[in-house]
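Coordinate inspection notes
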Amino acid sequence: MKECKHQTDTYESALEQIEQMIESISPDVTIHIKDITGRIKLADRNTELTEATIMLLKKYGIEYKE
């Protein structure tokens, strides 16, 4: 059980890092998703992380490319 909690904390901290990066991007810039997810030091960069990144980009009105 302790390992699962650690993984959740890591995923949550990755999402926090992504949101901080996205907040600093100007809305008139088009960005590649890999430019953001590639900076995250997470052992398993899964599709959930990519989907969350897309959701945050949409939330902040930033255009993106796959």
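These lines cover the structure that appears in this document, whether it is placed above or below. If you're wondering where the values come from, they're calculated on a predicted model, not measured in any experiment. (Residues numbered from 1 in each chain as written. Predicted model: local features only at pLDDT ≥ 70, side-chain atom pairs only at ≥ 80, totals over all residues. Heavy atoms only, no water.)

Attention now goes to the overall build of the protein. Across its full length, the protein carries 3 helices and 2 strands. Moving toward the C terminus, one meets the helices and strands of the protein in the order α-β-α-α-β. Accessible surface, the protein: about 5,000 Å² in total, of which carbon and sulfur atoms supply 51%. (Helix = DSSP H or I, 4+ residues; strand = E, 2+ residues; numbered from the N terminus. Areas by Shrake-Rupley, 256 points an atom, 1.4 Å probe, with all protein chains shown as cover.)

Generally speaking, soluble globular proteins have nonpolar side chains that are buried together. Among the nonpolar cores identified, the biggest contains 14 residues, and Ile18, Ile22, Ile31, Ile36, Ile40, Leu57 and Ile62 are the most heavily contacted of them. Among the elements of the structure, helix H1 (2-23), helix H2 (33-37) and helix H3 (47-59) are those that each provide at least two residues to this core. (Core = buried A, V, L, I, M, F, W, Y, C linked by side-chain atoms within 4.5 Å. Buried < 20%, exposed > 50% of the residue type's maximum accessible area, 1.4 Å probe, protein only.)

Moving on to the environment of Thr50. With respect to the element layout, Thr50 can be found in helix H3. With relative accessibility at 27%, the residue Thr50 sits in the partly exposed group. It is 7.0 Å that separates the C-alpha atoms of Thr50 and Thr37, two residues lying 13 residues apart in sequence.

Glancing now at H3. If you check H3, its first and last C-alpha atoms are 18 Å apart, about what 13 residues at 1.5 Å a residue would give, namely 18 Å. Of the positions making up H3, those classed as buried are Leu49, Ala52, Thr53, Ile54, Leu56 and Leu57. One or two steps after H3, the chain reaches Gly61, where phi turns positive at roughly 70 degrees. (Expected span 1.5 Å × (residues − 1).)

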